[in-house]
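Given next are the chains, with one letter for each unit.
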Amino acid sequence: MRALTWQGKRDVRVENVPDPRIEEPTDAVIRITSTGLCGSDLHLYEVLTPFMTPGDILGHEPMGIVEEVGAAVPDLQAGDRVVVPFQIACGNCWMCLTGLPTQCETTQVNAEGMGAALFGYTRLYGAVPGAQAEYLRVPQAQYGPIKVPEGPSDDRFVYLSDVLPTAWQAVEYAGVPRGGSVAVLGLGPIGDMACRVAQVKGAGRVFGVDLVPERLNRAKERGVETFDLRSFDDEKELVTAIRDRTDGRGPDAVIDAVGTEAHGSAAARMVQNASALLPRKLSGPMAERFSVDRLAALHTAIELVRRGGTISVIGVYGGMADPMPMLTLFDKQIQMRMGQANVRRWSDEIIPYLTDEDPLGVDDFATHHVPLAEGPDAYAMFQNKRDGAVKVLMRP
């Protein structure tokens, strides 16, 4: 089959690789009909290269048609249309039963000290072949895949794999009071959808911050009060502008939907680039012990949120040696919640919104649909924010 493989920093290629097959009784194999390009994939493209191996198959946002199931997968059969969550979880362990499938005790990558295995996301998360391919082996298929009806296009359901539950969890963790205010830093796919989720869940005011015109316009068209970073000389001016719209206090909650690749911190950027250039035997251990993040977005969130408010971190961070302003966090009595989205924890709550009325705007959420063969160009376009790219779906 054809698949998008990682070959090095900013080097993604379409290659022929072996077809997946049933290896365990709890496996399924699906034929992929749509697969997303996620902002998290760009971390592999740019920052987390020390944890990658040439030939790794990328991607973790698939949906498709079941081709084959193992003997221990009673609720799926060939021909079923399914969305596959980005994490691999059993559904039966203590963590899964308490709503934390990203911490699944059956698939935890204990050798790396990490949580549940993920599709297409470095050796830290199990080095499981990913979903930007023609076919996908799905472990723990007795729990993971979400069956969806025939009829509507893939765009209606594919975001259940990641974008929708990630944005949903971000808003849940933010604890925005009904009629309250929330600021979303970063209006890429997750931040954009988090704004939409906050609106349908009753937020009174939603502020969105970015510096890409197309992203700002998309959010503004849906009633988000947008702030263009390029219009401010520094962080304090931005914070003041938003505080002025919240009685001088700041919003009740702030969602950091940016993560480690925020603008700012040239020193951290230099360390990230240096690590990626080291030989593999050195770069991995160095990144595990001494990696740093570019924390501009997180520091802005800490400054912006009102006293006693909540910060929800859904952008990916990977640093092990990050300085945190603990005095400010403590003095402002800030609550923080974060982590990978627990897809099956939220999917049943989200599905009722995937109707023909489309309150979340999923049907036209993607800005680009491309064939898998154009995947390398799609990565470059998305990384460089060209051609108004906000969300890219690939069709094998």
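Residues numbered from 1 in each chain as written. Predicted model: local features only at pLDDT ≥ 70, side-chain atom pairs only at ≥ 80, totals over all residues. Heavy atoms only, no water.

**Focus: the pairing of strand S16 (residues 392-395)**
Note the following rule: The pairing criterion is simple: DSSP has to find at least two bridges between the two strands. Here a strand is any run of E in DSSP of at least two residues, a helix any run of H or I of at least four, and the numbering for each starts at the N terminus. Think of it like this: strands point away, you trace from the first strand over the helix to the second, and a clockwise trace means the crossover is right-handed.
Summarising the sheet, strand S3 (residues 28-37) and S16 pair through three bridges and their orientation is antiparallel. Directly across from Thr-35, in S16, lies its bridge partner Met-394. Examined bridge by bridge, strand S15 (residues 368-371) and S16 share four bridges and lie parallel to one another. The residue of S16 that forms the bridge with His-369 is Leu-393. Between S15 and its parallel partner S16, the chain crosses via helix H12 (residues 375-383), and the hand of that crossover is right-handed.

**Focus on the confidence of the model for the protein**
The test is simple: Every residue is assigned a pLDDT by the predictor, reflecting its confidence on a scale from 0 to 100. Any two residues whose heavy atoms approach within 4.5 Å are treated as being in contact.
Mean pLDDT over the protein stands at 90; residues scoring 70 or higher make up 90%. Every residue in residues 262-272 scores below 50 in pLDDT, and together they form 21 contacts with partners more than four places removed in sequence or on other chains. Every residue in residues 286-293 scores below 50 in pLDDT, and together they form 31 contacts with partners more than four places removed in sequence or on other chains.

**Regarding the sheet that holds strand S1 (residues 2-8)**
To keep things clear, this is the line we draw: For every element, the axis is a line fit to its C-alpha atoms; helices are fit only across the contacting stretch, and the angle between N-to-C directions ranges from 0 to 180 degrees.
One open sheet accounts for three strands, arranged S2-S1-S4; its pairing is antiparallel. The sheet is open, and its two borders are formed by strand S2 (11-16) and strand S4 (56-57), each paired with just one other strand. Relative to S4, S1 runs antiparallel, the two being bridged by two bridges. Paired with Trp-6 across the bridge in S4 is Asp-56. This element, H12, spans S1 and S2 of the sheet and lies at about 160 degrees to S2.

**Topic: the nonpolar core**
Formally: Buried Ala, Val, Leu, Ile, Met, Phe, Trp, Tyr and Cys residues form a nonpolar core when they are joined through side-chain atoms within 4.5 Å. Only protein chains enter the accessibility calculation, which uses a 1.4 Å probe; a residue is then buried when its area is under 20% of its type maximum, exposed when over 50%, and partly exposed in between.
Ranked by size, the top nonpolar core spans 71 residues in total, and within it Tyr-159, Leu-160, Leu-164, Met-193, Ile-255 and Tyr-379 carry the most contacts. Element by element, the count of residues in this core is highest for helix H3 (residues 163-174), at eight residues. Beyond its immediate sequence surroundings of up to four residues, Met-193 is in contact with Val-163, Leu-164, Ala-167, Leu-360, Val-362 and Phe-365. Of all hydrophobic cores here, the second largest spans 21 residues; its members include Val-209, Phe-227, Phe-232 and Ala-241.

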